[in-house]
Amino acid sequence: MPIITLTTDFGVGSHYVGAMKGAILSINPLVTIVDITHAVPAQDIAAGALVLEDTTRWFPKDTIHVAVIDPGVGTDRSIIYARIGTQQFIAPDNGLLSRLMAATKPSMVTRVTEAQYRLPQVSNTFHGRDIMGPAAAHLSMGVHPRRLGPAVRVLNQFDSPLPQMADAKILGEVMAIDSFGNLITNIVDANLAGKPRDEHVCVVCGLYETVGIHRTYGEQAPGSLLALIGSSGRLELAIVGDNAAKRLGVSVGTPVVVAWE
Amino acid sequence: MPIITLTTDFGVGSHYVGAMKGAILSINPLVTIVDITHAVPAQDIAAGALVLEDTTRWFPKDTIHVAVIDPGVGTDRSIIYARIGTQQFIAPDNGLLSRLMAATKPSMVTRVTEAQYRLPQVSNTFHGRDIMGPAAAHLSMGVHPRRLGPAVRVLNQFDSPLPQMADAKILGEVMAIDSFGNLITNIVDANLAGKPRDEHVCVVCGLYETVGIHRTYGEQAPGSLLALIGSSGRLELAIVGDNAAKRLGVSVGTPVVVAWE
Amino acid sequence: MPIITLTTDFGVGSHYVGAMKGAILSINPLVTIVDITHAVPAQDIAAGALVLEDTTRWFPKDTIHVAVIDPGVGTDRSIIYARIGTQQFIAPDNGLLSRLMAATKPSMVTRVTEAQYRLPQVSNTFHGRDIMGPAAAHLSMGVHPRRLGPAVRVLNQFDSPLPQMADAKILGEVMAIDSFGNLITNIVDANLAGKPRDEHVCVVCGLYETVGIHRTYGEQAPGSLLALIGSSGRLELAIVGDNAAKRLGVSVGTPVVVAWE
C-alpha cells in the first residue's frame, strides 16, 4: 500500500494542492496521499529542508515524499529523485534535501526527465502538478526510479549553520519558529552531553535568559520562559502557555547562548 | 476498514501533524486518517471538548478519535482510552472528554501505559506522535483496548456552564465562535421547547438584540442580526453574509438572554 | 475505488469539515475523500466556481465533487447533481457550476430530493453534512444519479466577464488572487495567439505596467513585476519572490490592459 506525502509552500488552503492530488490520483487512484504541510514560507528552501528532516523519518519504509518549494520552476533547474535511507524523495534540485543528505548519503539519485512519467502537457509554472506529482504516482505503481531519467552525481546542497562549541559555552541561533511560537535552535541534545542541565546552566536568547534545561513544558509556571529539548531533539525556548516568538519579538537567526558557570 | 481521526491544537499547517501521521502509518499503513481540525486554540481544553462533541458522533461505529490538546505533556497526567457510545477515544486525562461523558457514560476506560504500544523512544514533549497516535494505530490493527494498560475508574471532568431557565427567560452565554464568526451559545433547542419562536421572543447578546428565532441564515436581509438553531442543535447568533463576532466585537463568555414577552 | 472531493467556504481548520467527512464515511467507509480547498472566501460563489474549473479536471473519471458554498442553505434553493464531461458534481443550484457549464454542457442533471439518500435528520443550516455529503457517499456506493431525484432542465448560471478584444489591445481584469499573491486575470493564452510576447507587448494593471509576457517566474530578477501564462492557461501578473497583490494593493476587478505597439 504505497504512500505519497506532500510538502509545499502553496499556502494553507491553496487549491493548487487539490489539482496536484487530482493529477496523482488520475495515475494511481489507490495511493494514499498524506499532507505533511503546505505552510512552508513561500520559497523558503531552508525552512522546507527542516520540515523534511523532522517529519519524513517517521513514515513507513519506501514512502515517496514530494517536496515543492520551487522558486526556479520553469528555469533550467533539475527535478531529482533521491533515495535517502529507507525513504524516497522527489524535489527540485535546489538544496531542499540538504539537511537529509547531511545525515545520510543518498543511495540512488536520478534526474526526472522521462516524458512518459509526466502529464502530456507540462506548464512552465506548476511542475508539482505536471511533473513531480505524476513521477511519484508512477513510482507508487511500481516504476523503477532508474527509469525516471539519467543518474546524477552531484546535487545542490547548502550548509546549515552549526553551533560553535566552547568549553563552558555553546553559541547557536534560532533556526525556526513552530506553530506554538516555540523557538527551535540549531543546538541539539548531543551538544549538551555530559554537561549539567540544572541551575548551573543558563540559556540566553537575545535580551532574555532562563536557567536550567527542562524536560517538558509543564514543569514551570504559566508565563515562564523555559528551555527544553523538543520532540526533534533540538534545544527549544518556550513560554509556558504562551507564544514565545510573539511575546519576545524573536525571529529566525537570533543568537542563542548556552553557558555553564 | 478502520478510521483514525485527529483533533489537535497544533495549528493549521503544522508539520507536527505530518510526523504524527507518519508514526501512525508506520504501524498500520492501511488505516484511513481523517483530520477533524488542528485549529483548536492552543491549550484550550474547553474548545477541544466542544469540537469532539460536535463532530465525533457523525463517524462510523468504532472510529478511533485521537485528541491532542495537551498542556500537561510530559508531566504525570495520564493518557487514557475511553469507549463512549459507539466511538473510541484516546486523549490526555485533562477534561477533553468532559462534554461527551456528560451525555454518555463511558463503557470502558483504560490508562494507556503499555510500552509495546508506543514508539521505542518517547519524547517528553510530543506524546501525540510517540504514544497517542501509535496506541490508536495498534487499536486499528485489532489490539484489544484492555491491553493498552490498567482500568481506570475516575477521569478528570469539568462542568460546562448550563443556561439558567426562568419562566419567561433563559440566561445563557456565548460558548464558541465558529469559522464564519457565528456566535454559538450554550442554549439548546430543547431549552426552547413549547415556547414561541416568532415576534414574541427577543434574543439579547451584549449590547445587541434581535427578534424571533429563525430557521436558517437566508431568511433575513444581508447585514441583519438573526438568531437560529444551528447544525448542532444550539442557539446561534449570526449576521447574514457577515462575521457576527467581528462586527459586534463579541467574545466567548458574553451573556445571551432569550426573553419572551 | 471511488473518490469524493470537497470544496467549501467553511474556512481552513473548520471542524465542520470533520463532521461532513464523518457523515460520508458512515455511509461508505471505503471512499477516498480529498480536500480541494476549504478557503473559498465566505459565500463567494464566483471564487468557488473558479476553483472548481481549475481543479476538478485533473481528477480521475467519475470523481464526485461536492461543493458547498451555499449562502441560501435552508431556503428553497435546490441542491443538484450534474455530470459535466467525465466528472460528477453535487452543489447548491446557485451558479457554482457556471464556469464548468460554460465550457461543457452537462450530460445529466437531477435535483437531489430523495429522503433515503440524506441523513435521517436534516438541519436547516448544514446541508453539506446532511444532504450533499450523504448523496455523494451513496453515489460512490453505486447508486445511479437518476435515483437522487427528478431531472432538471435549467440551472442557475452567471456570466463571467470576458475580456474585450481590439486590434492592438485586450481589455481584461483581475479575476482572482492566488495563495502566492499572484494576480490571475480573465485573459487566457488563446487570446494572445499569433501576437508577439516580446518587448513589443505591454501589460498594464492599475498604476503598474510591465513589458513582455514571460514563460516563468524565474526569468526575471527578484522584485520585478512580470506577466506570464499561469498553470491554468490564464494571464497572470506576479512579482518575483514577493506577493504582488499586497505589494501593489491590487484587488479583484482591477482592469488589466494588454497592448501591442
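### Remarks on the interface of chain B and chain A
And then number 1: Between chain B and chain A, the residue contacts involve 29 residues of the former and 27 residues of the latter.
And then number 2: Surface buried jointly by chain B and chain A totals about 2300 Å² across both partners, of which 62% is contributed by carbon and sulfur atoms.
And then number 3: Between the two partners, chain B and chain A, sit nine residue pairs in polar contact (both at pLDDT 80 or more).
And then number 4: Every element with two or more residues in the side of chain B that touches chain A is listed here: helix 1 (15-27) and helix 4 (127-140) of chain B.
And then number 5: Top contributing element to the side of chain B that touches chain A by residue count: helix 1 of chain B, with nine residues.

### What to know about the relation of the copies chain C and chain A
And then number 1: Of the transformation superimposing chain C on chain A, the axial component is 0.0 Å and the angular component is 120°, with the fit at an RMSD of 0.0 Å. The transformation relating the two chain copies, once decomposed into turn and shift, fits a three-fold axis. Among all residues of chain C, the minimum C-alpha distance to the rotation axis is found for V12 of chain C, at 4.1 Å.
And then number 2: Different-surface contact between copies: only 4% of interface residues of chain C are shared with the interface of chain A.

### A few points about the sheet that holds strand 2 (residues 32-37) of chain C
And then number 1: On the basis of which strands lie adjacent, the open sheet formed by six strands has the order 2-1-3-5-4-6 (chain C) and mixed pairing. Looking at which strands have only one partner, the edges of the open sheet turn out to be strand 2 and strand 6 (108-111) of chain C. Averaged over all adjacent pairs, the angle separating strand axes in this sheet is 20°, with direction ignored.
And then number 2: Where strand 4 (residues 79-84) of chain C meets strand 6 of chain C, four bridges bridge the pair, whose relative direction is antiparallel. If you follow I80 of chain C over to strand 6 of chain C, its bridge partner there is R111 of chain C.
And then number 3: Sitting on the sheet, helix 1 (residues 15-27) of chain A is in contact with strand 1 (3-8) and strand 2 of chain C, with an inclination near 145° to strand 2 of chain C.
And then number 4: Contacting strand 1, strand 2 and strand 3 (64-68) of chain C, helix 2 (residues 45-55) of chain C crosses the sheet at an angle of about 125° to strand 2 of chain C.

### Focus on the relation of the copies chain B and chain A
And then number 1: Overlaying chain B on chain A yields an RMSD of 0.0 Å, the required transformation being a rotation through 120° with an accompanying axial translation of 0.0 Å.
And then number 2: In this assembly the copies use different faces: only 3% of the residues contributing to the interface of chain B also contribute to that of chain A.

Conventions used here
- Residues numbered from 1 in each chain as written.
- Chains lettered and ligands numbered in written order.
- Predicted model: local features only at pLDDT ≥ 70, side-chain atom pairs only at ≥ 80, totals over all residues.
- Heavy atoms only, no water.
- Contact = heavy atoms within 4.5 Å.
- Buried area = accessible area lost by both parts, 1.4 Å probe.
- Polar contact = N/O pair within 3.5 Å; in protein donor to acceptor, adjacent residues only side chain to side chain.
- Helix = DSSP H or I, 4+ residues; strand = E, 2+ residues; numbered from the N terminus.
- Least-squares fit on C-alpha atoms with pLDDT ≥ 70 in both.
- Pairing = 2+ DSSP bridges.
- Axes fitted to C-alpha atoms, helices over the stretch in contact; angles between N-to-C directions.

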